[in-house]
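# Per-entry structural report
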Amino acid sequence: MSAQGSAEGVVVAIDGPSGSGKSSTARGVASARGLRYLDTGAMYRAMTWWMQHHRIDIGDAAAVAEAAGRPDITMGTDPAAPTVRVDGTDVAREIRTQQVTAQVSAVSAVPAVRERLVAMQREIIAQARRSGGIVVEGRDITTVVAPDAPVKLYLTASAEARAHRRSGELSGSDVAAIQADLARRDLLDSSREDSPLTRTADALELETTGLGLDEVIALVVELTDRAAAAAGEAERSAAS
Ligand code: DC
């Protein structure tokens, strides 16, 4: 069974804290089912990179809000090679630096930034639904961006597991320092006023600490197939 059980493609919404395995899971599921893939964290990172590049004072929320409409951010949604461009420049590497990571929570707490990026995300989702569907990951996908998605997941893992996963991504880094930084960002991302990271009752919580990536992907693929089949069934009975 493919994920294209209905005319409108499926939307898989995945939220969770940093290091919970969202990105690898989302890309794996999208690749397995021929869906598009959107990393919304990369959009907040791209916005932060642009603010730094243009010397906007990130401590000044009004200045950030005023500049939020200026960068031209474009996302490539192929799960095999996702891209992020700002004003035509590929910033895939730049947005992963410590300099951006240190300030992205502050930038993403500004409502004008969220308003613009959420509108772009909904546009990308609407387009992708017409060509099979999409897996979207972030912090507010199940709550704000796509609350009607047929598959809504909240991924978690222990603080230690998350820090170890991140340290594997950033070679030669200090696990204790990474764990402290993840805790700092978790707190900022879940305590901000606008769209905090939170699990809603209708999102399925997946605790991934003891699971391998392939197991998590297989589980989410199964949920995706079921949702696509149910949507196809509903369409057929509505048409008959
Ligand atoms: O997933 P990530 O670590 O690349 O995300 C970077 C930051 O972006 C994260 O600290 C919070 C913010 N973010 C957000 O506020 N809303 C989203 N949907 C995705 C990310």
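Residues numbered from 1 in each chain as written. Predicted model: local features only at pLDDT ≥ 70, side-chain atom pairs only at ≥ 80, totals over all residues. Heavy atoms only, no water.

### A short note on unusual backbone geometry
Even without glycine at this site, Asp87 takes up a positive phi of about 50°. Despite not being glycine, Ser195 shows a phi value in the positive range, around 50°. Along the polypeptide, Ser195 turns up in the loop between helix H8 (175–191) and strand S8 (204–207). Take Ser195: its relative accessible area is 13%, and that puts it in the buried class. (Helix = DSSP H or I, 4+ residues; strand = E, 2+ residues; numbered from the N terminus. Buried < 20%, exposed > 50% of the residue type's maximum accessible area, 1.4 Å probe, protein only.)

### Points about the environment of Tyr44
Tracing the backbone shows Tyr44 in helix H2 (residues 40–53). You can call Tyr44 buried: its relative accessible area is 6%. Between the alpha carbons of Tyr44 and Leu211 there is a distance of 28 Å; along the sequence they are 167 residues apart. Each residue touching Tyr44, except ones within four places of it in the same chain, is listed here: Val104, Ser108, Val113, Arg114, Leu117, Val118, Gln121 and Asp140. (Contact = heavy atoms within 4.5 Å.)

### Comments concerning the site of the ligand
Taken together, 16 residues lie near the ligand, and Arg45, Arg114, Asp140, Asp189 and Arg192 sit nearest. Contacts to the ligand include Ser105, whose side-chain N or O atom sits 3.5 Å from an oxygen atom. For the ligand, whose unbound accessible area comes to 450 Å², protein coverage reaches 98%. Mapped by element, the contributors of at least two residues to the shell around the ligand are H2, helix H4 (98–108) and H8. (Near = heavy atom within 4 Å. Polar contact = N/O pair within 3.5 Å; in protein donor to acceptor, adjacent residues only side chain to side chain. Areas by Shrake-Rupley, 256 points an atom, 1.4 Å probe, with all protein chains shown as cover.)

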